[in-house]
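A closer look at the structure
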Amino acid sequence: MKAIILAGGSGTRLYPVTIATNKHFLPIYNKPMIYYPLSLVMLMGIKDILFIVNPEDLKDFKKLFKDGSHLGMNIQYKIQEKPNGLAEGLILAEDFIGNDNILYMLGDNVFFGHDLIKIMQSAREDIEKNGGAYVFGYSVKDPERFGVVEFDENGNVVSLEEKPEKPKSNYAVVGMYFYDNEAVRIAKNVKPSDRGELEITSVNEEYLRKGKLKVKLLGRGFAWFDAGTHDSFLEAGEFVATIENKTGLMIGCIEEIAYKNGWITKEQLLELAKPLRKTEYGKYLIEVAKGESNAI
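Okay, so let's go over this structure.

The rules behind the values
- Residues numbered from 1 in each chain as written.
- Predicted model: local features only at pLDDT ≥ 70, side-chain atom pairs only at ≥ 80, totals over all residues.
- Heavy atoms only, no water.
- Helix = DSSP H or I, 4+ residues; strand = E, 2+ residues; numbered from the N terminus.
- Buried < 20%, exposed > 50% of the residue type's maximum accessible area, 1.4 Å probe, protein only.
- Contact = heavy atoms within 4.5 Å.
- Areas by Shrake-Rupley, 256 points an atom, 1.4 Å probe, with all protein chains shown as cover.
- Lys, Arg positive; Asp, Glu negative; His and termini not counted.
- Charge placed at Lys NZ, Arg CZ, Asp CG, Glu CD.
- Core = buried A, V, L, I, M, F, W, Y, C linked by side-chain atoms within 4.5 Å.
- Pairing = 2+ DSSP bridges.
- Polar contact = N/O pair within 3.5 Å; in protein donor to acceptor, adjacent residues only side chain to side chain.
- Phe/Tyr/Trp six-rings, centres within 6.5 Å; stacked < 30°, edge-to-face > 60°.
- Lys NZ or Arg CZ within 6 Å of the ring centre and 35° of its normal.

All right, on to the overall build of the protein chain then. A count of helices and strands for the protein chain gives eleven helices and 13 strands. With the principal axes as the frame, the protein chain shows a C-alpha extent of 50 × 45 × 40 Å. Looking at the protein chain residue by residue over its 296 residues, the buried ones come to 51%. Across the protein chain, every contact between residues at least 6 apart in sequence was considered, and the portion connecting residues at least 24 apart equals 74%. Accessible surface, the protein chain: about 14100 Å² in total, of which carbon and sulfur atoms supply 48%. The average position of the 37 basic charges and that of the 42 acidic charges among the side chains of the protein chain differ by 4 Å.

On to helix H1 (residues 35–43), then. Summarising burial for H1: eight of the nine residues are buried, a large majority. Looking at H1, one finds that the buried residues are Tyr35, Tyr36, Pro37, Leu38, Ser39, Leu40, Val41 and Met42. Looking at the residues trailing H1, positive phi occurs at Gly45, about 80°.

Attention shifts here to the nonpolar core. Residues Leu38, Phe51, Phe65, Leu103, Phe136, Met176 and Phe178 are the most contacted members of the largest nonpolar core, which totals 57 residues. Residues contacting Phe178, with those up to four places away along its chain left out, are Met1, Met44, Ile102, Leu103, Met120, Ala123, Arg124, Ile127, Gly132, Ala133, Tyr134 and Phe136. One finds Ile4, Leu50, Tyr179 and Val215 within the second-largest nonpolar core, a separate group that totals 31 residues.

This brings us to the pairing of strand S1 (residues 2–6). Across the five residues of S1, five count as buried, placing the element largely inside the fold. Burial along S1 is two-sided: the residues Lys2, Ile4 and Leu6 and Ala3 and Ile5 are all buried. In this structure, S1 lies alongside strand S6 (residues 102–106), joined through five bridges in parallel fashion. Paired with Lys2 across the bridge in S6 is Ile102.

Right, let's get into the side chain of Asn204. Along the chain, the position of Asn204 falls in helix H7 (residues 200–209). Residue Asn204 is classed as buried on the basis of its relative accessible area of 2%. Only 2.6 Å separates the side chain of Asn204 from the side chain of Tyr179, close enough to count as a polar contact. Excluding residues within four positions of it along the chain, Asn204 makes contact with Val135, Leu160, Val173, Tyr177, Tyr179 and Leu213.

Looking now at the environment of Ala273. With respect to the element layout, Ala273 can be found in helix H10 (residues 266–273). Placed 89 residues apart in sequence, Ala273 and Val184 show a C-alpha to C-alpha distance of 39 Å. Other than its neighbours up to four places away in sequence, Ala273 contacts Gly282, Leu285 and Ile286.

Time to look at the side chain of Lys2. Positionally, Lys2 belongs in strand S1. In terms of polar contacts, Lys2 uses its side chain to reach the backbone carbonyl oxygen of Phe96, at 2.7 Å. A polar atom in the side chain of Lys2 sits 3.5 Å from the side chain of Asp100. For Lys2, the residues in contact, after removing those within four places along its chain, are Ile46, Asp48, Phe96, Ile97, Asp100, Asn101, Ile102 and Leu103.

It is worth spelling out the packing of aromatic side chains at this point. A complete count under the given rule lists 15 aromatic pairs for this structure. A centroid spacing of 6.2 Å and a plane angle of 40° characterise the contact between Tyr104 and Tyr177, whose relative ring orientation is tilted. One end of the pair, Tyr104, is in strand S6; the other, Tyr177, is in strand S11 (residues 171–179), with 73 residues separating them in the sequence. On the accessibility criterion, Tyr104 (0% relative accessible area) is buried. An angle of 65° between the planes, with centres 5.6 Å apart, marks the rings of Phe112 and Phe239 as edge-to-face. Taken together, the positions of Phe112 in strand S7 (residues 109–113) and Phe239 in helix H8 (residues 230–247) put the pair 127 residues apart, joining distant regions of the chain. An aromatic cluster is built from Phe25, Tyr35, Phe51, Phe61, Phe65 and Tyr77, whose rings are joined through pairwise contacts. In this structure, Lys2 is placed above the aromatic ring of Phe96, and the distance from its NZ or CZ to the ring centre is 5.1 Å.

This is the structure we're talking about:
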């Protein structure tokens, strides 16, 4: 399985902050927003990652992640010329995907919860065994902001709707999608919505029509933040700060995860920590190298 992280878009919901800066570089507490979805991909053991980025941001993404070899990974980039919708990312990634299945992540989503990686691994195994699509729902108070999933009395998925004026449920589909290789072909046949975008909900609807969509609800033991608004951005930062300060462990520390995965050596980890040694982040990496910490 390969991973795609969509990190383009205009970030208008965070204006004026993002007029001159890509939102994915903004700090969620002590690290860039983009570290959080990347860390989940890494915890899944996936080394091949494609970032889909705006033309003007490519240089900065390459400065931040290079080709990924310093983390024992293969990181590539693809430019999205305009924010034409989430489904376009699948089309742009066609050559990168090849014949593989896909984990598709949104770069502004932050997740946390007990056994989250086990749940993601279960979804991955289901896709690899049975094909189809596997997505996740989360109860929210403002479902009109999201793609919404409707269930019948038996818990079966009845419908999906993108940013409905009158939502049929409070369950939003979060920015983490597992797809088989058919997703690219499906995305190519998606027609622009009334907003003029290729909606990821349309891809999911096609899987639903074929009876190949699974939706798992993330309950009260999970936190999910769509950090694309000022309030949710602030909430995500406060949440991460609280967890890290209480536990002494970092969420989304990509260097630590690479080391714990065995992708880099202790010496390489210490080398990565050198330019950061005056920060708490750098000091934390040094502690990890000494065997005094564990990744979340």
